[in-house]
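Listed below are the residues making up each chain.
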Amino acid sequence: NESSIGRISIIQIANKSGQIFLFDIIRLGTRAFGEGGLGFLMYSHKVLKVLFDSRVKLTALFHEQNIKMRNIFDLQMFHFLKFRRKTSYHKGLGRCLEEATPLMNIQSSQFESIQKIRNKGLRLLSSGGEDLGEIWCKRPLDEYLIVYAAANVMVMLPMKDAWERDSSAALIEKVAQITEDRINLAICDDKVLRPIPRRG
């Protein structure tokens, strides 16, 4: 999670085994990328990193930690290219998750739990009038926001698997290439970067 443009507070990682790891960048700083092993993971060409709406996050990571992630795949772009005949805008994670759930290997009760966690997390982030940067950078971090961060990342790989089953290799390659091109362009841009328009 980026607290604001140019500030990364937490990095969440989920693997195919269902394990979730959260790195507190506010407390660990550069140690997370050295001793913590994040640098090796992010530079790896062998490990595919699946993200959602990655442009702002990875630009912040580059400008703050001087790390340019390799081998990345943006699910928001995947959804847009795969279903662009049905949509003309980039949908948010919540709506994409709703559409993907029937295709995912996930029970309805589990999906409902994830949605409840996400909805409560979003309410916490929007209540109180605090700046998002202040909320994510506050320590100790609200325990529910930790759960919210974990819930967001645990659905990434199942969503990709669900959409990938009937997708061509050409589409997958195109998403990966566009993801990389957009990140490179964003990093090179001297202007303040703002999130791409989305709904949901």
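Residues numbered from 1 in each chain as written. Predicted model: local features only at pLDDT ≥ 70, side-chain atom pairs only at ≥ 80, totals over all residues. Heavy atoms only, no water.

Asker: I keep staring at the overall build of the protein and nothing clicks. Help me out?
Answerer: Across its full length, the protein carries 10 helices and 8 strands. The globule rule puts the C-alpha radius of gyration for 200 residues at 16 Å, and the 16 Å found for the protein is close to it. If you line up the protein on its principal axes, its C-alpha atoms span 40 × 40 × 35 Å. Looking at the protein as a whole, 44% of its 200 residues qualify as buried. Taking as baseline every contact in the protein between residues at least 6 positions apart, the subset at least 24 positions apart corresponds to 64%. One finds the centroid of the 30 positive side-chain charges in the protein at a distance of 4 Å from the centroid of its 22 negative side-chain charges. (Helix = DSSP H or I, 4+ residues; strand = E, 2+ residues; numbered from the N terminus. Rg over C-alpha atoms; globule rule 2.2 N^0.38 Å. Buried < 20%, exposed > 50% of the residue type's maximum accessible area, 1.4 Å probe, protein only. Contact = heavy atoms within 4.5 Å. Lys, Arg positive; Asp, Glu negative; His and termini not counted. Charge placed at Lys NZ, Arg CZ, Asp CG, Glu CD.)

Asker: Quick question: what am I supposed to make of unusual backbone geometry here?
Answerer: Generally, phi is negative for residues other than glycine and the peptide bonds are trans, each holding for most cases. Across the junction of R139 and P140, the peptide omega takes the value 5°, indicating a cis bond. Tracing the sequence through the fold places P140 in the loop between α7 (132–137) and α8 (143–154). Of note in the backbone geometry, N66 takes a positive phi value of approximately 60° without being a glycine. Take N66: it is sitting in the loop between α3 (54–65) and β6 (72–74). You will see that N71, though not glycine, has its phi angle at about 55°, which is positive. Within the element layout of this structure, N71 appears in the loop between α3 and β6.

Asker: Where do I start with the side chain of Q115 in this structure?
Answerer: Assignment of secondary structure puts Q115 in helix α6 (residues 108–126). Excluding its chain neighbours within four sequence positions, the residues that come into contact with Q115 are G94, L97 and E98.

Asker: I would appreciate a short explanation of a nonpolar patch on the surface in the present structure.
Answerer: Together, I20, L22, I146 and M154 line one region of the surface with nonpolar side chains, adding up to about 270 Å² of accessible area. Elements represented by at least two residues in the nonpolar patch include exactly β4 (20–24) and α8. Secondary-structure assignment places I20 in strand β4. (Patch = residues over 30% accessible without salt bridge, like charges linked within 9 Å, V, L, I, M, F, W, Y side chains within 5 Å. Areas by Shrake-Rupley, 256 points an atom, 1.4 Å probe, with all protein chains shown as cover. Salt bridge = Lys/Arg side-chain N within 4 Å of Asp/Glu carboxyl O.)

Asker: Which parts of the structure should I look at to understand the layout of surface pockets?
Answerer: Vacant regions in the atomic arrangement are exposed by a probe of water-molecule size rolled over the atoms. Empty space within the second largest pocket amounts to approximately 180 Å³. Lining the second largest pocket are A14, N15, K16, S17, G18, I20, V153, M154, L157, P158 and D161. For the lining of the second largest pocket, the leading source of residues is helix α9 (residues 156–164), giving 3 residues. Classifying every residue of the lining of the second largest pocket gives 6 nonpolar, 3 polar and 2 charged. (1 Å grid on protein atoms, 1.4 Å probe; cavity = no way out; pocket = protein on both sides within 12 Å on 5 of 7 lines; lining within 4 Å. Points joined across faces, edges and corners; volume = space filled by probe spheres on them. Nonpolar A, V, L, I, M, F, W, Y, C, P; charged D, E, K, R; others polar.)

Asker: How should the packing of α6 against α8 be read in this particular structure?
Answerer: A packed helix pair is summarised by two numbers, namely the angle formed by the two axes and the spacing between the axes. Put simply, α6 and α8 touch, their axes get as near as 9 Å, and they point 130° apart. When the axis of α6 is compared with that of α8, the two are oblique. For the element pair α6 and α8, the recorded crossing hand is left-handed. Every residue of α8 that contacts α6 at Q110, I114, K116, I117, R118, K120, G121, L122, L124 and L125 is listed here: Y144, L145, V147, Y148, A151, N152 and M154. For the contact of α6 with α8, a count of residues per class yields 11 nonpolar, 3 polar and 3 charged. (Axes fitted to C-alpha atoms, helices over the stretch in contact; angles between N-to-C directions. Parallel < 35°, antiparallel > 145°, perpendicular 65-115°, else oblique. Left-handed = near helix turned anticlockwise from the far one by under 90°.)

Asker: Honestly, the pairing of strand β3 (residues 10–14) in this entry has me stumped. Any pointers?
Answerer: Looking along a regular strand, one sees side chains alternate from face to face of the sheet. The pairing of β3 with β4 spans 5 bridges and is classified as antiparallel. If you follow I13 over to β4, its bridge partner there is F21. Where β3 folds back onto β4 in an antiparallel hairpin, the turn is made up of 5 residues, including G18, whose phi is positive at roughly 90°. (Pairing = 2+ DSSP bridges.)

Asker: Would you take a moment to explain the packing of aromatic side chains for this structure?
Answerer: The relative placement of two aromatic rings is captured by the distance of their centres and the angle of their planes. Enumeration according to the criterion identifies 4 aromatic pairs in this entry. Pairing F78 with W163 gives two aromatic rings, centres 5.9 Å apart and planes at 85°, and the pair type is edge-to-face. In this pair, F78 sits in helix α4 (residues 75–82) while W163 sits in helix α9, placing the two residues 85 residues apart along the sequence. Counting every residue linked through ring pairs, the aromatic cluster contains F73, F78, F83 and W163. Here K120 stacks its cationic end above the ring of Y144, 4.2 Å away from the centre of that ring. (Phe/Tyr/Trp six-rings, centres within 6.5 Å; stacked < 30°, edge-to-face > 60°. Lys NZ or Arg CZ within 6 Å of the ring centre and 35° of its normal.)

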